[in-house]
Amino acid sequence: MGRELYTRRKEIKYIVPLGRALEIRDQLDRLLQRDEHCTKGPYLVRSLYFDSVGQTDFSEKLAGVMDRKKIRLRIYGGEASLCKLEIKKKTDDRQQKLSLIVSASDAAELSHGNIKVLKHYYDVSETSLRAYGIMAQGQYRPVVQIAYDRLAYRYPMYDTRITLDMNVRSSESNLDIFSPDVRYVPVMKEDAVLEVKYSGKLMGFLSAMLSQFHLTQGTCSKYCAGRPVYYDFNY
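All values reported here derive from a predicted model rather than from experimental measurement. All residue numbers refer to positions counted from 1 along the written sequence of the respective chain. Only residues with pLDDT of 70 or above have their local features reported here, since the model is predicted, and side-chain atom pairs are shown and tallied only from 80 upward, although totals for entire chains, interfaces and linings are computed over all residues. Values reported for side chains reflect all heavy atoms of the structure, with hydrogen atoms and water molecules removed beforehand.

(A) The arrangement of the pattern of salt bridges in detail. Each salt bridge in this description consists of a side-chain nitrogen of Lys or Arg and a carboxyl oxygen of Asp or Glu lying within 4 Å of one another. According to the stated counting rule, one finds 19 salt bridges in the structure shown. Across the pair D159 and R9 runs a salt bridge, and its minimum N-O distance is 3.5 Å. Of this pair, D159 sits in the loop between β7 (141-155) and β8 (160-171) while R9 sits in strand β1 (residues 4-17), and the two are 150 residues apart along the sequence. Judged by its relative accessible area of 8%, R9 is buried. Close ionic contact of K197 with E11 constitutes a salt bridge, the shortest N to O distance being 3.8 Å. Counting from the N terminus, the helices are DSSP H or I runs at least four residues long and the strands are E runs at least two residues long. Between buried and exposed lies partly exposed: a residue is buried under 20% and exposed over 50% of the maximum accessible area for its type, with that area taken using a 1.4 Å probe on protein chains only.

See below:
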C-alpha cells in the first residue's frame, strides 16, 4: 500500500445518447483493445467524492473556474481489492491526476470522514501529504457516492484512453463506499459519458472515427450531476 500513480493528459468529454454510444462502442471494438477488466462487459466504478465545508469544489465547477480540483476515493467492482484516493486537477481540458493506493481498512475510514489515516502513508507518499493538507484545511468530508458501468479502451501511442460510462447513478445518503445495498438515484437515464484522454495528440484514425458521429464537446461533471438534492436545496 502507499503506491502512487501519476497521469497528465488532455481530456475531452461528450454527452452521448445511449443508442449513439452503442454505435461508438462497436467502432471502438473494431479499432482498439479493451481494458483487461472489461473484455466480457462493462465493469463497475464507485467513487466517493469529498468537498469542503463551504462546498468549494462544487461551486467552482458550477462557476466555470478554469483551475479547479476534485478529491475522490475510488474502488472497482464494488470490491476492496484496489482502493485509490485521487486528487484530480483540471485546467481547461488538461488534467493532472495524483493517485494513492490505500488499504481497504483505511478506505473504509476515509468513507466515514476520518482523514487522519492518510498519516499512515506520509513516509512513502507525497500525495498523502497533499491530500491531508487540502482536506484538513478545508474541512473536507464525504458528500456523494457516484457509480457507473464503464467500458475502457486503450492505445499505446500518446497514452490514449477512451471510456464509455453508462448508467450513471448517485447517492447523497449512503456514503459507505463498500456498502452492498446502496439505493442509487439515476443521474443519466438516456445518455452516456464519452471521455477521450491522451498526451500529445489524438491519433488521426481515432479523430476520424469520432468525427463521423458529429459529437459536441461538453463540460459534464458526474460529481455535480450526482448531487441533485444539494443543488435543489441550495441553488
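(B) Structural context of the side chain of D51. For D51, the location among the structural elements is in strand β3 (residues 43-51). In this tally, Asp and Glu contribute negative charge and Lys and Arg positive charge; neither His nor the terminal groups of the chain are included. The charged side chain of D51 is buried without a salt bridge, its nearest counter-charge being R227 at 4.1 Å. Whenever two N or O atoms come within 3.5 Å, that pair is a polar contact, provided that in protein one can donate a hydrogen and the other can accept it, and provided that, for residues adjacent in sequence, both atoms are side-chain atoms. In terms of polar contacts, D51 uses its side chain to reach the backbone amide nitrogen of D57, at 3.0 Å. At 3.0 Å, the side chain of D51 forms a polar contact with the backbone nitrogen of F58.

(C) Quick look at the layout of surface pockets. Only protein atoms enter the 1 Å grid used here. Points where a 1.4 Å probe fits but cannot escape make up a cavity, open sets with protein on both sides within 12 Å along at least five of seven lines make up a pocket, and a residue lines them when an atom lies within 4 Å of a point. Grid points are joined across faces, edges and corners, and a volume is the space filled by probe spheres set on the points. Taken as a whole, the largest pocket encloses approximately 710 Å³ of empty space. Secondary structure elements with two or more residues in the lining of the largest pocket: β1, β4 (67-76), β5 (83-91), β6 (94-102), β7 and β8. Counting residues per element, the lining of the largest pocket draws most heavily on β1, which supplies 4 residues. Tallied by class, the residues present in the lining of the largest pocket amount to 8 nonpolar, 6 polar and 13 charged. Around the second largest pocket sit 18 residues that line it, and K61, R68, K90, D92 and T219 are the ones nearest its centre. Element by element, the count of residues in the lining of the second largest pocket is highest for β1, at 3 residues. Classes in brief: Ala, Val, Leu, Ile, Met, Phe, Trp, Tyr, Cys and Pro nonpolar; Asp, Glu, Lys and Arg charged; the others, Gly included, polar. A per-class count over the lining of the second largest pocket returns 4 nonpolar, 5 polar and 9 charged.

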